[in-house]
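Structural features, examined
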Amino acid sequence: MQHYKASVIEFLACLVGLTMASPVLAQTPRSSVDMPARPGVPEFRDPKTGQIWTPLNVGQQSGPPTPADIAFDPLGQAVYVQGVVTQRPSVVPLRSLPITAGPTVPIVNLGDATLSAVPGKRWQVVLYLDNNSAATVVPLINCRFTNSGKLVEETHVLVPPVGAGLRVGMIIHGPKIDLFVDRATCAVKSP
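From a predicted model like this one, the values you see are computed outputs, not experimental measurements.

1. Observations concerning the side chain of R167
- With respect to the secondary-structure elements, R167 resides in strand β10 (residues 166-176).
- Since its relative accessible area comes to 11%, R167 is described here as buried.
- Engagement of the side chain of R167 in a polar contact is seen with the side chain of D130, the distance being 2.9 Å.
- Once you skip the residues sitting within four places of it in the chain, R167 turns out to touch V92, P93, L94, R95, L97, D112, Y128, L129 and D130.

In C-alpha cells, the structure reads:
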C-alpha cells in the first residue's frame, strides 16, 4: 500500500511540474533569417578603361590607394538611410503546408532567403514565409540591411493576410545599390 501511495505522489509531482513548465515550453521563439550578400554582386565598369570593379578586387593594385580605390571601399561607408522604411509587398502563394503550429513550432516561419543586388536599382531580399497555423495571419517582419555590422537601412514589412497552411514568397526591397550592403537580417515581429 505504501508503494502505491509513493507512486501516486510521484505521479502527482510530475503532473504539477509539467503543468508549471508547459507555459514556458509553449513560448516558441519567432522565426528569423540572416543572409550574406551573394559574392561579387555589386560591380562598376570604369568607362575609360573597361575595368570591372567589385568589392573583391578594389585596392588589389600595389602602392598607395588611389582616390578611386578609396571611393569604392565598402568598409569605409558611413552613409545610411535615416528612419524606418515601411513596405507592403505583394505575396505569391506557392503551396499548401501541413498545420504544425504548436508548442515547438512557431505560427509563421521565414526561410530560404537570399540577398542580392539588382543592377542599377536596389538591394533585395527574396523571402519565403510559411503559415503553420490553421488561421489566416497578418505578419509583421523587420529587416535590417547592414554593411560590416553597421546599419544601412531598416524596414518594416507589412505582409498582407496569409491563408491557413500556406507557403508564400515575396520580395523585400532594401537601399539603392550605390550603398554597399553585405548582410540582411529579417525577423518576424508578430504574430
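Having seen the structure, we can now continue with the description.
2. Structural notes on the state of the cysteines
- In total, this model carries one disulfide according to the counting rule given.
- For C143, the disulfide goes to C186, at an S-S distance of 2.1 Å. Judged by the torsion about the S-S bond (115°), the C143/C186 disulfide is right-handed. With C143 in strand β8 (residues 140-147) and C186 in strand β11 (residues 183-190), this residue pair connects regions lying 43 residues apart in the sequence.
- Here C143 falls in the buried class, since its relative accessible area comes to 0%.
- Taking the relative accessible area as the measure of exposure, C186 reaches 0% and is therefore buried.

3. Some details on the sheet that holds β10
- If you walk across this open sheet you meet the four strands as β5-β10-β7-β6, and the pairing is antiparallel. The sheet terminates laterally at β5 (92-96) and β6 (108-117), the two strands that pair on one side only. Each strand axis lies, on average, 25° off the axis of its neighbour in the sheet, ignoring direction.
- In this sheet, β10 lies alongside β5 in antiparallel orientation, the contact comprising four bridges. When the sheet's bridge partners are listed, R95 is paired in β10 with R167.

4. Things to note about the packing of aromatic side chains
- Under the counting rule described, the total for this entry stands at one aromatic pair.
- Pairing W123 with F180 gives two aromatic rings, centres 6.2 Å apart and planes at 85°, and the pair type is edge-to-face. Here F180 lies in the loop between β10 and β11 and W123 lies in strand β7 (residues 122-131), a separation of 57 residues in the sequence.
- A relative accessible area of 0% means that W123 is categorised as buried.

The rules we used
Residues numbered from 1 in each chain as written. Predicted model: local features only at pLDDT ≥ 70, side-chain atom pairs only at ≥ 80, totals over all residues. Heavy atoms only, no water. Helix = DSSP H or I, 4+ residues; strand = E, 2+ residues; numbered from the N terminus. Buried < 20%, exposed > 50% of the residue type's maximum accessible area, 1.4 Å probe, protein only. Polar contact = N/O pair within 3.5 Å; in protein donor to acceptor, adjacent residues only side chain to side chain. Contact = heavy atoms within 4.5 Å. Disulfide = S-S within 2.5 Å. Pairing = 2+ DSSP bridges. Axes fitted to C-alpha atoms, helices over the stretch in contact; angles between N-to-C directions. Phe/Tyr/Trp six-rings, centres within 6.5 Å; stacked < 30°, edge-to-face > 60°.

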